[in-house]
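Notes for the structure review
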Amino acid sequence: MSPLKPPRARRVAVVGGARVPFARSDGPYATASNQEMLTAALDGLVERHGLQGPGAVGEFVAGAVLKHSRDFNLARETVLGSTLDPRTPAYDVQQACGTGLQAVIAAANKIALGQTESAVAGGADTASDAPLGVNDRLRRILLEARRAKSPGARVKALAKIRPAHLVPDIPRNAEPRTGLSMGEHAAVTARAWGITREAQDELAAASHQRLAAAYERGFFQDLVVPFRGLARDQNLRPGSTVEKLAALKPVFGLDAPGPTMTAGNSTPLTDGAATVLLASEEWAEARGLEPLAYLTAYEMAAVDFVGGDVAGGEDGLLMAPAYAVPRMLERAGLGIEDFDLVEIHEAFASQVLATLAAWEKRGLAPVDRARLNTAGSSLATGHPFAATGARVVATLAKLLAERGGPGRGLISVCAAGGQGVTAILERT
């Protein structure tokens, strides 16, 4: 019996995307759940690409970082509440800030292997509606009461409850193994790489100005779905300048001289959701849908941000793309100079600048700033953790399509836990 031949990988097309405008936490979406936002984004994608009807899409894959227990089956419940065929299979993924891009990769792999013809990937997150955990001591008492064999034993267990037990466990924006917030980790990296305040403010101002220009020219008209009174990203400040940003006080790295990171050059806590439609070339052609670009490579990496070279900057929490991108480019036989556009998720301006410096240290050519985040990025849009990857993929694909001819784009997303997810989009 001859061995089975591995299937030949097919090209995976990025057909389109849809997202709700991103909003600052505790603002317009303060009472919106992950499922509600993700459903709105998915419905927008369904309407714009004619995905109604039986079997229109092979599967839906999405995730969220901040999840309530009710979100345990978020992707599937989103399908059931949307205009997509309820027979569409769905499942969740989660990789912190890399969730959206990892969802795209998971769906793309099945399309490439011929296991499905089309899929929708995405993510949602709400910092406004973050889950509050039951105090662990109270949880243990309640479990003891549940296990009690008699009413008396149950009452005896419940009598142990004290007022202090009623204080909930509030989620913290901190790494469990270090106790430091993402911003404090980024401040350590900024010092290690000598990233200046002025350079950070320049990057942040450019992000706002470029996003504003993209909205003004109608770039997001078929990518953003109005939701709860918003038609564009609430965090956007079209009038941002280096001078205005320079007036803000530092908020991270205050334990060392010369702190440089402010609320203006850091991403705010954000609510939102995004989706992207992926398909085989044959599926898109049969439906008269023109691919925007093709997903051709992807790579993950992780750093030891606990015991590695953190002070030296090599293993900072958000520095994994410094390793993933060179590895991916070597495998693809490409250099930075081969890319027309580069999209780096802007968790912090300092992290973007440190990543650029690390790429150069590893032998890559400098990134032409005119090609970097040309329609703005997370500093301007905001960053609903699991939604960012899908936002970046859809934005970059459309930017490449706008150019008309062949082109290539690079995606770099850092993530909590010292991880990074990267990818390449191409038009031929």
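Structural data are supplied above this passage.
All values derive from a computational prediction rather than experimental measurement. (Residues numbered from 1 in each chain as written. Predicted model: local features only at pLDDT ≥ 70, side-chain atom pairs only at ≥ 80, totals over all residues. Heavy atoms only, no water.)

Thoughts on the overall build of the protein chain
Regarding its fold elements, the protein chain presents 13 helices and twelve strands. Relative to the globule expectation of 22 Å for 428 residues, the C-alpha radius of gyration of the protein chain, 22 Å, shows essentially globular dimensions. Sequence separation of at least 24 residues holds for 80% of the intrachain contacts in the protein chain that already meet a minimum separation of 6. Roughly 18,000 Å² of accessible area belongs to the protein chain as shown, and the carbon and sulfur atoms make up 54% of that amount. (Helix = DSSP H or I, 4+ residues; strand = E, 2+ residues; numbered from the N terminus. Rg over C-alpha atoms; globule rule 2.2 N^0.38 Å. Contact = heavy atoms within 4.5 Å. Areas by Shrake-Rupley, 256 points an atom, 1.4 Å probe, with all protein chains shown as cover.)

So, the packing of helix H6 (residues 182–193) against helix H11 (residues 349–361)
For the pair H6 and H11, the least separation of the axes is 9 Å and the interaxial angle reads 45 degrees. Relative to H11, H6 is oriented oblique. Between H6 and H11 lies a crossing whose hand is left-handed. Contacts between H6 and H11 involve Ala 186, Thr 189, Ala 190 and Trp 193 on the former and, on the latter, Ser 350, Ala 354, Ala 357, Ala 358 and Lys 361. For the contact of H6 with H11, the class distribution of residues is six nonpolar, two polar and one charged. (Axes fitted to C-alpha atoms, helices over the stretch in contact; angles between N-to-C directions. Parallel < 35°, antiparallel > 145°, perpendicular 65-115°, else oblique. Left-handed = near helix turned anticlockwise from the far one by under 90°. Nonpolar A, V, L, I, M, F, W, Y, C, P; charged D, E, K, R; others polar.)

A look at the environment of Arg 139
Tracing the backbone through its elements, the reader meets Arg 139 in helix H4 (residues 136–147). A relative accessible area of 36% places Arg 139 in the partly exposed class. Spatially, the C-alpha atom of Arg 139 lies 8.8 Å from that of His 165, the residues being 26 residues apart in sequence. (Buried < 20%, exposed > 50% of the residue type's maximum accessible area, 1.4 Å probe, protein only.)

Topic: a nonpolar patch on the surface
Where nonpolar side chains cluster on the molecular surface, the patch consists of Val 134, Leu 142 and Leu 158 and spans about 240 Å² of accessible area. With respect to the helices and strands, Leu 142 occurs in helix H4. (Patch = residues over 30% accessible without salt bridge, like charges linked within 9 Å, V, L, I, M, F, W, Y side chains within 5 Å. Salt bridge = Lys/Arg side-chain N within 4 Å of Asp/Glu carboxyl O.)

Details of helix H1 (residues 34–49)
Compared with an ideal rise of 1.5 Å per residue, which puts 16 residues at 22 Å, H1 spans 23 Å between its outermost C-alpha atoms and is within 8% of the ideal. Within H1, the full set of buried residues consists of Asn 34, Met 37, Leu 38, Thr 39, Ala 40, Ala 41, Leu 42, Gly 44, Leu 45, Val 46 and His 49. The inward-facing, buried residues of H1 contact strand S1 (12–19), strand S3 (59–63), helix H2 (74–80), strand S5 (118–125) and strand S8 (270–280). Among the residues trailing H1, Gly 50 stands out with phi positive, at a value near 60 degrees. (Expected span 1.5 Å × (residues − 1).)

A short note on the nonpolar core
Within the largest apolar cluster, 47 residues are counted, with the highest numbers of intra-cluster contacts made by Leu 101, Phe 220, Val 276, Leu 278, Ile 411 and Leu 425. Contact partners of Leu 425, with chain neighbours within four places excluded, come to Val 14, Ala 293, Tyr 294, Leu 295, Val 393, Leu 396, Ala 397, Leu 400, Gly 407, Arg 408, Gly 409 and Ile 411. Of all hydrophobic cores here, the second largest spans 37 residues; its members include Val 57, Leu 74, Ala 284 and Leu 289. (Core = buried A, V, L, I, M, F, W, Y, C linked by side-chain atoms within 4.5 Å.)

So, the side chain of Ser 240
Summarising the element assignment, Ser 240 is placed in the loop between helix H7 (197–216) and helix H8 (242–246). Ser 240 sits in the buried class, given a relative accessible area of 10%. A polar contact is formed between the side chain of Ser 240 and the backbone oxygen of Arg 237, at a distance of 2.9 Å. Filtering out sequence-adjacent residues up to four positions away, Ser 240 remains in contact with Ala 205, His 208 and Gln 209. (Polar contact = N/O pair within 3.5 Å; in protein donor to acceptor, adjacent residues only side chain to side chain.)

Looking at unusual backbone geometry
Phi at Asp 26 is positive, roughly 60 degrees, even though this residue is not glycine. Tracing the backbone through its elements, the reader meets Asp 26 in the loop between strand S2 (23–24) and H1. Looking at Asp 26, the relative accessible area reads 62%, which means it is exposed. Even without being glycine, Asn 373 reaches a positive phi, approximately 45 degrees. Along the chain, Asn 373 falls in the loop between H11 and helix H12 (378–381).

Quick look at the pattern of salt bridges
Tallied over the full model, the rule gives 22 salt bridges. Salt-bridge contacts for Arg 139 lead to Asp 136; the nearest nitrogen and oxygen are separated by 2.8 Å. Pair noted here: Arg 139 and Asp 136 are both in helix H4, with a separation of three residues, about one helical turn. Accessibility expressed as a relative area gives 32% for Asp 136, which makes it partly exposed. Residues joined by salt bridges that share partners form a network here, namely Asp 136, Arg 139 and Arg 140.

A closer look at the environment of Arg 191
Structurally, Arg 191 can be placed in helix H6. We classify Arg 191 as partly exposed; its relative accessible area is 39%. Through-space distance from the C-alpha of Arg 191 to that of Pro 89 is 46 Å; in sequence the pair is 102 residues apart. Setting aside its immediate chain neighbours within four residues, Arg 191 contacts Gly 253, Asp 255 and Ala 256.

Regarding helix H3 (residues 99–112)
With 14 residues, H3 extends 20 Å from end C-alpha to end C-alpha; this agrees with the ideal 20 Å at 1.5 Å per step. Burial runs high along H3: eleven of the 14 residues are buried. Listed as buried for H3 are Thr 99, Gly 100, Leu 101, Gln 102, Ala 103, Val 104, Ile 105, Ala 107, Ala 108, Ile 111 and Ala 112. Count one or two residues on from H3 and you reach Gly 114, which has phi positive near 80 degrees.

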